[in-house]
Amino acid sequence: MKPLIVLFVVFALSIGIMWLAFASINYMLAGRIALAAMLVLTAFGHFKFVEGMEMMIPDFVPFKRFFVYSTGILEFLAALGLLFDSTFEITGLLLIIFFVLILPSNIQASMRHINIEKGTLDGPGLSYLWFRVPLQILFIGWTYFVTLR
């Protein structure tokens, strides 16, 4: 829920600041700024909630901590890539692929009732998927609209 709030609030703030500063609005840029802010938030989660993030990765995958930290770093880099005219398109394409690839980990977390923030097995469970899957689709659509369209 926090990433969604950050996405919408930063989008609205970006639009407001653009309107006040330039008397015009670049919705695509505002959307990329909002997406970058959301990615910074989620990237921090990879360093703050390491144990819970590790639990999301299937058991057959080795070096879980490496993947948690690596994807956090990738999210920081993607946030930067969205802010430059020369890189936002390729960043958008790679982010869409990333969002598709991480969905199974979110499904795994729901099936195992993982509480990511606590690193325990008392999370919301499968009901979380009713929110998470549409959220992931929104992130994919948002990314497509502000970077590739």
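Keep in mind it's a predicted model, so treat the numbers as computed, not measured.

1. So, unusual backbone geometry
Link 1 in the chain: Look at A23: it is not a glycine, yet its phi comes out positive at around 55°.
Link 2 in the chain: Here A23 lies in the loop between α1 (2-22) and α2 (27-48).
Link 3 in the chain: A23 sits in the exposed class, given a relative accessible area of 53%.
Link 4 in the chain: Its identity is not glycine, yet F63 carries a phi of approximately 55°, on the positive side.
Link 5 in the chain: Along the chain, F63 falls in the loop between α3 (50-56) and α4 (64-81).

2. As for the pattern of salt bridges
Link 1 in the chain: Overall, the coordinates contain three salt bridges when judged by the stated rule.
Link 2 in the chain: For the salt bridge of R65 with E51, the shortest nitrogen-to-oxygen distance reads 3.7 Å. You can see R65 sitting in helix α4 and its partner E51 sitting in helix α3, a full 14 residues away along the chain.
Link 3 in the chain: Of the residues examined, R65 reaches a relative accessible area of 34% and is grouped as partly exposed.
Link 4 in the chain: Members of the salt-bridge network, linked through shared partners, are E51, E54 and R65.

3. Digging into the side chain of N106
Link 1 in the chain: Within the secondary structure, N106 is located in helix α5 (residues 88-111).
Link 2 in the chain: Separated by 3.2 Å, the side chain of N106 and the backbone oxygen of I102 make a polar contact.
Link 3 in the chain: Sequence-distant contacts of N106, that is, excluding residues within four places in its chain, are made with M56, L129, R132 and Q136.

4. Things to note about the layout of surface pockets
Link 1 in the chain: Estimated volume of the largest pocket: approximately 1200 Å³.
Link 2 in the chain: Looking at the lining of the largest pocket, the elements that each hand over two or more residues are α1, α2, α3, α4, α5 and α6 (129-147).
Link 3 in the chain: Among the elements that make up the lining of the largest pocket, the one with the highest residue count is α5 (10 residues).
Link 4 in the chain: In terms of residue class, the lining of the largest pocket is built from 28 nonpolar, 13 polar and five charged.
Link 5 in the chain: When its volume is computed, the second largest pocket comes out at roughly 200 Å³.
Link 6 in the chain: Contributing elements (two or more residues each) for the lining of the second largest pocket: α4 and α5.
Link 7 in the chain: Residue composition of the lining of the second largest pocket, by class: eight nonpolar, one polar and one charged.

5. A word on the side chain of E54
Link 1 in the chain: Note on placement: E54 falls in helix α3.
Link 2 in the chain: E54 gets classed as buried once you look at its relative accessible area, which sits at 18%.
Link 3 in the chain: At 2.9 Å, the side chain of E54 forms a polar contact with the side chain of R65.
Link 4 in the chain: Non-local contacts of E54, meaning those with residues more than four positions away in its chain, are made with K64, R65 and V68.

What counts as what
Residues numbered from 1 in each chain as written. Predicted model: local features only at pLDDT ≥ 70, side-chain atom pairs only at ≥ 80, totals over all residues. Heavy atoms only, no water. Helix = DSSP H or I, 4+ residues; strand = E, 2+ residues; numbered from the N terminus. Buried < 20%, exposed > 50% of the residue type's maximum accessible area, 1.4 Å probe, protein only. Salt bridge = Lys/Arg side-chain N within 4 Å of Asp/Glu carboxyl O. Polar contact = N/O pair within 3.5 Å; in protein donor to acceptor, adjacent residues only side chain to side chain. Contact = heavy atoms within 4.5 Å. 1 Å grid on protein atoms, 1.4 Å probe; cavity = no way out; pocket = protein on both sides within 12 Å on 5 of 7 lines; lining within 4 Å. Points joined across faces, edges and corners; volume = space filled by probe spheres on them. Nonpolar A, V, L, I, M, F, W, Y, C, P; charged D, E, K, R; others polar.

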